[in-house]
2 protein chains.
Amino acid sequence: MRKENSTHHHNEKAITSNCPITSTMLAIGGRWKIIILWHLKTGSLRYNEIRKAIPNISEKMLIQQLKELMQSGWVDKKDYHEIPPRTEYSLTPLGASFIPILERIYEWGVENRITDLVRNMEG
Amino acid sequence: MRKENSTHHHNEKAITSNCPITSTMLAIGGRWKIIILWHLKTGSLRYNEIRKAIPNISEKMLIQQLKELMQSGWVDKKDYHEIPPRTEYSLTPLGASFIPILERIYEWGVENRITDLVRNMEG
DNA sequence: GGAAGTACACACAATTTGGTAAGTACACAT
DNA sequence: ATGTGTACTTACCAAATTGTGTGTACTTCC
């Protein structure tokens, strides 16, 4: 899955190994991770509820990003072992503790009209 | 440079067009951007000073990320038009206003030993 | 005259990330 | 028996990001 010897990977390690910021960014760095966290901040959601809340995401991507968020300890999963299947995802205390920071970024983005900036950059 | 019609690109736009958080993340989302901002927070630096401060970065990457940071208004450049060349990079007010958030992420990362978490994830 | 330092640019290759389309398993409803 | 809903998995391909290596222009130093 990863070429452990690539410069790419080596640089990633070098950067994150001592820097709390880049380590954090790495953990939430997928395209959909922050959006998932954002939707979970009000409580746990079933798999399909997340899907419907994030219309553009594909199943593969959703599962993948959820897995990565679980591996890094931001998200928890409860499997009810029922049929039809039922699973619920929620923030761990770690994940929840990061929400205030996301909220600050949100406010900062609004104050600085950052969405307009990005729109202009891309034409 | 970009395939404007790819689903990848389309999704990126859909995500960022209304969300201040993902827009912000897009702007600082390169591998080196945050590190560059972090080094500039104490004042302006010459091109080579940044290079030396970030040993692993290649010249192409440094220039590229600096350009993108300038385009999105986080970083300013002063060219002294001297020979040998002399340029200085510094944070714009926008860039500077984001530093407190980076500092909060830094503190959060330290409190949660996030670098250890990432280290464990990667073996 | 050759080497070194500055701040880049460009062609190209390696890697990683993201997206599509299809398939699995099981139960219940029609 | 065919379809629907849930929560996934897998193989494959497209696209984006990142890295390598070389070259430029100009001056000063040895």
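Residues numbered from 1 in each chain as written. Chains lettered and ligands numbered in written order. Predicted model: local features only at pLDDT ≥ 70, side-chain atom pairs only at ≥ 80, totals over all residues. Heavy atoms only, no water.

Considerations on the domain arrangement of chain A
Residue and element names in this part refer to chain A. Here the domain parsing of chain A yields domain 1 (1–30) and domain 2 (31–122). The partner domain 2 presents ten residues to the five residues of domain 1 that form the contact. Roughly 560 Å² is buried in total at the junction of domain 1 and domain 2, and carbon and sulfur atoms are behind 71% of that figure. Among the residues domain 1 hides against domain 2, the three largest losses belong to A27, I28 and G30. Together they make up 86% of the total. Across the contact surface, domain 1 and domain 2 share one residue pair in polar contact (both at pLDDT 80 or more). Residues that form the side of domain 1 that touches domain 2 fall into these classes: two nonpolar, three polar and no charged. (Domains from an automatic or database assignment. Contact = heavy atoms within 4.5 Å. Buried area = accessible area lost by both parts, 1.4 Å probe. Polar contact = N/O pair within 3.5 Å; in protein donor to acceptor, adjacent residues only side chain to side chain. Nonpolar A, V, L, I, M, F, W, Y, C, P; charged D, E, K, R; others polar.)

Some points on the sheet that holds strand β1 (residues 45–46) of chain B
Residue and element names in this part refer to chain B. Strand order in the open sheet made by the three strands is β1-β3-β2, with antiparallel pairing throughout. Each end of this open sheet is capped by a strand with a single partner; those strands are β1 and β2 (75–79). Strands in contact with helix α3 (residues 33–40) are β1, β2 and β3 (87–91); relative to β3, the strand with the most contacts, it is inclined by about 95°. (Pairing = 2+ DSSP bridges. Helix = DSSP H or I, 4+ residues; strand = E, 2+ residues; numbered from the N terminus. Axes fitted to C-alpha atoms, helices over the stretch in contact; angles between N-to-C directions.)

A closer look at the relation of the copies chain A and chain B
Overlay of chain A on chain B (RMSD 0.1 Å): rotation 180°, translation along the axis 0.0 Å. Such a turn and shift between the copies fits a two-fold axis. Comparing interface residues between copies, 100% of those in chain A also lie at the interface in chain B; the contact surface is shared. (Least-squares fit on C-alpha atoms with pLDDT ≥ 70 in both.)

Brief notes about the packing of aromatic side chains
On inspection of all chains with the given rule, the structure shows eight aromatic pairs over all chains. Both rings, one in A:W74 and one in A:F98, keep their centres 5.0 Å apart while their planes meet at 75°; by these two values the pair is edge-to-face. On the criterion of sequence distance, the pair formed by A:W74 in the loop between α5 (59–71) and β2 (75–79) and A:F98 in helix α6 (residues 93–111) is long-range, its members being 24 residues apart. Per residue, the accessibility class of A:W74 equals that of A:F98, and both read buried. Judged by centre distance (4.8 Å) and plane angle (70°), the rings of A:W108 and B:F98 are edge-to-face. Pair noted here: A:W108 is in helix α6 and B:F98 is in helix α6 (residues 93–111), and the two residues belong to different chains. B:F98 gets classed as buried once you look at its relative accessible area, which sits at 1%. By the ring-pair criterion, three or more aromatic residues cluster together here, those being A:W74, A:F98 and B:W108. Lying over the aromatic face of A:Y80, A:R86 brings its terminal NZ or CZ to 4.1 Å of the ring centre. (Phe/Tyr/Trp six-rings, centres within 6.5 Å; stacked < 30°, edge-to-face > 60°. Buried < 20%, exposed > 50% of the residue type's maximum accessible area, 1.4 Å probe, protein only. Lys NZ or Arg CZ within 6 Å of the ring centre and 35° of its normal.)

Focus on the pairing of β3(B)
Residues and elements named next belong to chain B. When you tally the buried positions in β3, you get four out of five residues, the bulk of the element. Where β1 lies against β3, two bridges are found, and the strand directions are antiparallel. Across the sheet, the residue bridging to L45 is Y89, located in β3.

Considerations on the interface of chain A and chain B
On the chain B side, the residues contacting the 50 residues of chain A number 50 residues. With both chains or domains summed, chain A and chain B bury close to 4600 Å², and 69% of this area falls on carbon and sulfur atoms. Inspection of the region where chain A meets chain B yields two salt bridges. Of the charged contacts, one joins B:E12 and A:R31 as a salt bridge, the two residues approaching to 3.2 Å between their closest N and O atoms. One can count six residue pairs in polar contact (both at pLDDT 80 or more) joining chain A with chain B. Contributions of two or more residues to the side of chain A that touches chain B are made by α1 (7–16), α2 (20–27), α3 (33–40), α6 and α7 (114–122) of chain A. It is α6(A) that contributes the most residues to the side of chain A that touches chain B, twelve residues altogether. Residue classes in the side of chain A that touches chain B are distributed as 26 nonpolar, 17 polar and seven charged. (Salt bridge = Lys/Arg side-chain N within 4 Å of Asp/Glu carboxyl O.)

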